[in-house]
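A closer look at the structure
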Amino acid sequence: MLIEFKVKNFRSFRDEQTLSLVASKDKAHLKTHAVETPIKAIPGLLLSAAIYGANASGKSNFIRAMQLMRVLVSDSAGLQVEQKLNLQPFALDALTRDEPTEFEVTFLKDQIRYQYGFTARPDRIMSEWLIVYKTAKPQTWFRRDYDPETGKDIYVFGSSLLGQRHVWQKSTRSNALFLSTAVQLNSEQLRPVFDWITRMVIFENGAGPIFLHTVNYMVQNPINDIQNLMTAADIGISNIELVKRKGIMHETKIDLFTGKVDSVQQEQENFMPLFNHAGPGGEANFELVDESEGTQRLFALAGPLFEILGKGLVLCVDELDKSLHTLLVRKLISMFHDPKLNVGGAQLIFTTHDTALLDTDEFRRDQIWFTEKNLDHASRLFPLTDFSARKNEAFEKGYLSGRYGGIPILQHLKATSIGQG
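Worth saying up front: this structure is predicted, and the values here are computed from it rather than measured. Think of each chain on its own: its residues are numbered from 1, step by step along the sequence as written. Local features in this predicted model are restricted to residues whose pLDDT is 70 or higher, and side-chain atom pairs enter the listing and the counts only when it is 80 or higher, whereas totals over whole chains, interfaces and linings include all residues. The basis for every side-chain value is the complete set of heavy atoms in the structure, and neither hydrogens nor water enter the calculation.

**Side note on the overall build of the protein**
Counted only if it meets this: Put simply, DSSP H or I for four residues or longer makes a helix, DSSP E for two residues or longer makes a strand, and each gets a number counted from the N terminus. Any residue under 20% of the maximum accessible area for its type is buried, any over 50% is exposed, and the rest in between are partly exposed; the area is computed with a 1.4 Å probe on protein chains only. By definition in these notes, contact holds between two residues if any of their heavy atoms fall within 4.5 Å. Per-residue accessibility takes into account occlusion by the displayed protein chains alone, with areas from the Shrake-Rupley method and a 1.4 Å probe.
Along its length, the protein carries 10 helices and 18 strands. Looking at the protein as a whole, 49% of its 421 residues qualify as buried. A sequence separation of at least 24 residues applies to 62% of the contacts in the protein between residues at least 6 apart. For the protein, the computed accessible surface area is about 21,300 Å², with 50% contributed by carbon and sulfur atoms.

**Some thoughts on the sheet that holds strand β8 (residues 124–133)**
Keep this limit in mind: Any two strands are treated as partners once DSSP identifies two or more bridges connecting them. Lines are fitted to the C-alpha atoms to define the axes, a helix being fitted only along its stretch in contact, and any angle between axes, read from their N-to-C directions, falls within 0 to 180 degrees.
Here 7 strands make up an open sheet; going across it, the order is β2-β1-β6-β7-β8-β9-β10 and the pairing antiparallel. The sheet is open, and its two borders are formed by β2 (17–20) and β10 (152–157), each paired with just one other strand. Each neighbouring strand pair of the sheet contributes to a mean axis angle of 10 degrees, computed without reference to strand direction. Across the face of the sheet, helix α2 (residues 59–75) comes into contact with β1 (2–8), β2, β6 (101–109) and β7 (112–121) while running at roughly 95 degrees to β1. Docked against the sheet, helix α5 (residues 191–199) engages β1, β6, β7 and β8, running at close to 105 degrees with respect to β6.

**Focus on the nonpolar core**
So the rule is basically this: The term nonpolar core refers to a set of buried residues drawn from Ala, Val, Leu, Ile, Met, Phe, Trp, Tyr and Cys, joined through side-chain atoms within 4.5 Å.
With 105 residues, the main nonpolar core has Phe103, Tyr116, Leu190 and Ile349 as its most contacted residues. Apart from residues lying up to four places away in sequence, Leu190 is in contact with Leu130, Trp141, Phe142, Leu161, Phe178, Leu179, Ala182 and Val183. Of all hydrophobic cores here, the second largest spans 7 residues; its members include Met1, Ile3, Ile39 and Ile42.

**A few points about the pattern of salt bridges**
Here is the rule we go by: What counts as a salt bridge is simple: a side-chain nitrogen of Lys or Arg found within 4 Å of a carboxyl oxygen of Asp or Glu.
Summed over the entire model, instances satisfying the criterion amount to 20 salt bridges. For Arg14, the salt bridge is made with Asp15, and the minimal N-O distance between the two is 3.4 Å. When its relative accessible area of 37% is taken as the criterion, Asp15 is described as partly exposed. Here Arg245 ties to Glu287 by a salt bridge, and the two come within 2.4 Å at their closest N and O atoms.

**A few points about the packing of aromatic side chains**
Rules: Here is the rule: rings of Phe, Tyr and Trp (six-membered ring for Trp) pair when centre to centre is within 6.5 Å. Planes less than 30 degrees apart are stacked, more than 60 are edge-to-face, and the remainder are tilted. Remark: a charge is flagged as sitting over a ring if the NZ atom of Lys or the CZ atom of Arg is within 6 Å of the ring centre and within 35 degrees of the ring normal.
Using the criterion set out here, one finds 22 aromatic pairs in the structure. Ring geometry for Tyr155 against Phe157: centres 5.7 Å apart, planes inclined by 15 degrees, an arrangement best described as stacked. Within the aromatic cluster, the residues linked to one another by ring pairs are Tyr52, Phe370, Phe382, Phe387, Tyr399 and Tyr404. When the ring centre of Tyr133 is taken as origin, the NZ or CZ atom of Arg113, which lies over that ring, is 3.9 Å away.

**Some points on the packing of helix α7 (residues 224–232) against helix α8 (residues 293–311)**
Operational definition: Helix crossings fall into two classes, left-handed where the near helix is turned counterclockwise from the far one by less than a right angle and right-handed where it is turned clockwise. Asp, Glu, Lys and Arg are counted as charged, while Ala, Val, Leu, Ile, Met, Phe, Trp, Tyr, Cys and Pro are counted as nonpolar; the rest, among them Gly, fall into the polar class.
At a minimum axis distance of 10 Å, the contact between α7 and α8 shows a crossing angle of 145 degrees. Regarding α7 and α8, the two cross each other, and that crossing is right-handed. Residue-level inspection shows Asp225, Ile226, Leu229 and Met230 of α7 in contact with α8, the latter providing Thr295, Leu298, Phe299, Ala302, Gly303, Leu305 and Phe306. Taken together, the residues of the contact of α7 with α8 sort by class into 8 nonpolar, 2 polar and 1 charged.

**Points about the packing of α2 against α5**
Quick note on the threshold: Each angle gets one of four labels, with under 35 degrees taken as roughly parallel, over 145 as roughly antiparallel, 65 to 115 as roughly perpendicular, and the rest as oblique.
Axis separation between α2 and α5 bottoms out at 8 Å; the angle between their running directions is 135 degrees. Our classification of the angle between α2 and α5 gives oblique. Like other packed secondary-structure pairs, α2 and α5 cross with a definite hand, here left-handed. Of α5, the residues touching α2 (which contributes Arg70, Val73 and Ser74) are Phe194, Ile197 and Thr198. For the contact of α2 with α5, the per-class residue count stands at 3 nonpolar, 2 polar and 1 charged.

**Points about the pairing of β10**
Here is the key point about a regular strand: its side chains alternate between the two faces of the sheet. Only one face of β10 is buried: it carries Asp153, Tyr155 and Phe157, and the other face, with Lys152, Ile154 and Val156, is open. The pairing of strand β9 (residues 139–147) with β10 spans 6 bridges and is classified as antiparallel. The residue of β10 that forms the bridge with Arg143 is Val156. Joining the antiparallel neighbours β9 and β10 is a turn of 4 residues, in which Gly151 adopts a positive phi near 70 degrees.

**Remarks on the side chain of Asp366**
Put simply, the rule is: Two N or O atoms form a polar contact when they lie within 3.5 Å of each other; inside protein one atom must be a possible hydrogen donor and the other a possible acceptor, and for residues adjacent in sequence the pair counts only when both atoms belong to side chains.
Mapping Asp366 onto the fold places it in the loop between β16 (347–351) and β17 (368–373). Of the residues examined, Asp366 reaches a relative accessible area of 7% and is grouped as buried. Reaching out from Asp366, the side chain makes a polar contact with the side chain of Arg364 at a distance of 2.7 Å. The contacts of Asp366, once residues within four sequence positions are left out, are Ala23, Ser24, Leu46 and Thr385.

Interpretation note: all reported values are geometric properties and have no functional meaning in isolation.
Encoded structure:
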């Protein structure tokens with residue numbers, strides 16, 4: 001389970017910002033919205049967190065930071081030595097433009113706490129570390145730091161890290177992560193860390209319906225769960241069928257290292273969903289493209305959602321409420337808070353503008369976060385608990401009135417010549 005994520009000097013985040021899912025001492029919804037851990041310092045972890053903020057305040061950038069860290073861990077070992085990392089440091093400060101970007105994630109797996117992070121510039125990794133807590137006492141498994149005087153990386157290995165450490169060290173290129181390289185060279189001890197970051201965090205960025213994930217899930221599993229979710233959403237769908245179709249598949253790939261966008265199309269045979277709608281006057285089948293944007297988005301989320309709940313993964317969604325009704329969004333969130341459905345401790349992190357969700361019946365106070373930009377145009381992330389909000393406080397009213405920050409400062413529009421002859 002995710003404990004916390006830190007980012008520094010990435011896009012609009014100049015200073016270090018931390019999202020923590022460590023539960024406070026608040027007893028509200030404790031049995032449904034949090035799970036206990038065996039760690040004395042972390043008695044409970046939250047199952048969801050909502051991030052609010054004005055447009056361009058940094059909400060999406062925080063999700064992008066988590067996604068980029070995941071991609072760097074997943075793919076950096078396969079980069080060519082001359083390839084640059086598309087890190088995008090904070091550009092509105094001359095002091096930070098050439099400073100490294102930093103990511104760090106702390107998570108719990110098999111009752112062991114892992115703390116992994118690195119700093120990087122576009123041309124190289126500057127530092128990298130892994131600290132493991134099998135007991136209350138931390139073990140540094142490895143530490144890597146770039147020495148500008150010699151132009152080389154200096155490694156320090158702890159006695160707990162076993163295997164061909166120096167072979168992995170020599171094989172790690174300047175723009176690749178040691179963790180990624182070591183796992184590529186069969187380090188079974190480091191694989192749980194690699195797997196958690198690259199496989200246990202799934203992203204849906206709201207850029208369009210990624211329905212193929214759901215289709216693949218339906219091919220491999222009974223479709224009852226997805227069909228029940230779609231029909232329960234009251235969108236007129238009575239049945240879903242998968243049919244094989246030949247067609248031109250368009251795929252757009254964004255290289256997070258370079259920012260380059262590639263579009264590929266090819267003819268192939270795939271399963272496609274067919275939605276049955278029945279009414280008093282008859283019934284008809286519709287293709288996915290004929291459904292509303294909200295239906296497409298719900299279908300895109302359905303496959304990952306049930307896989308995440310079944311395996312205890314982490315789902316990060318930018319604009320969860322996009323094209324979805326408030327009550328349906330509440331239903332999706334409640335699935336993570338339902339112990340009968342969320343048996344593995346799956347977690348949901350999402351950004352939203354839906355203030356109707358700011359309800360004490362929906363969230364604990366420590367589950368609500370905000371982003372806003374300061375006078376230097378740097379984003380900051382902060383929790384509702386910073387404001388000592390009362391248990392029964394009207395969160396939505398307090399947020400919209402500006403008590404917590406994270407809202408746009410609206411100004412009167414100046415009169416123009418629009419509409420004048």
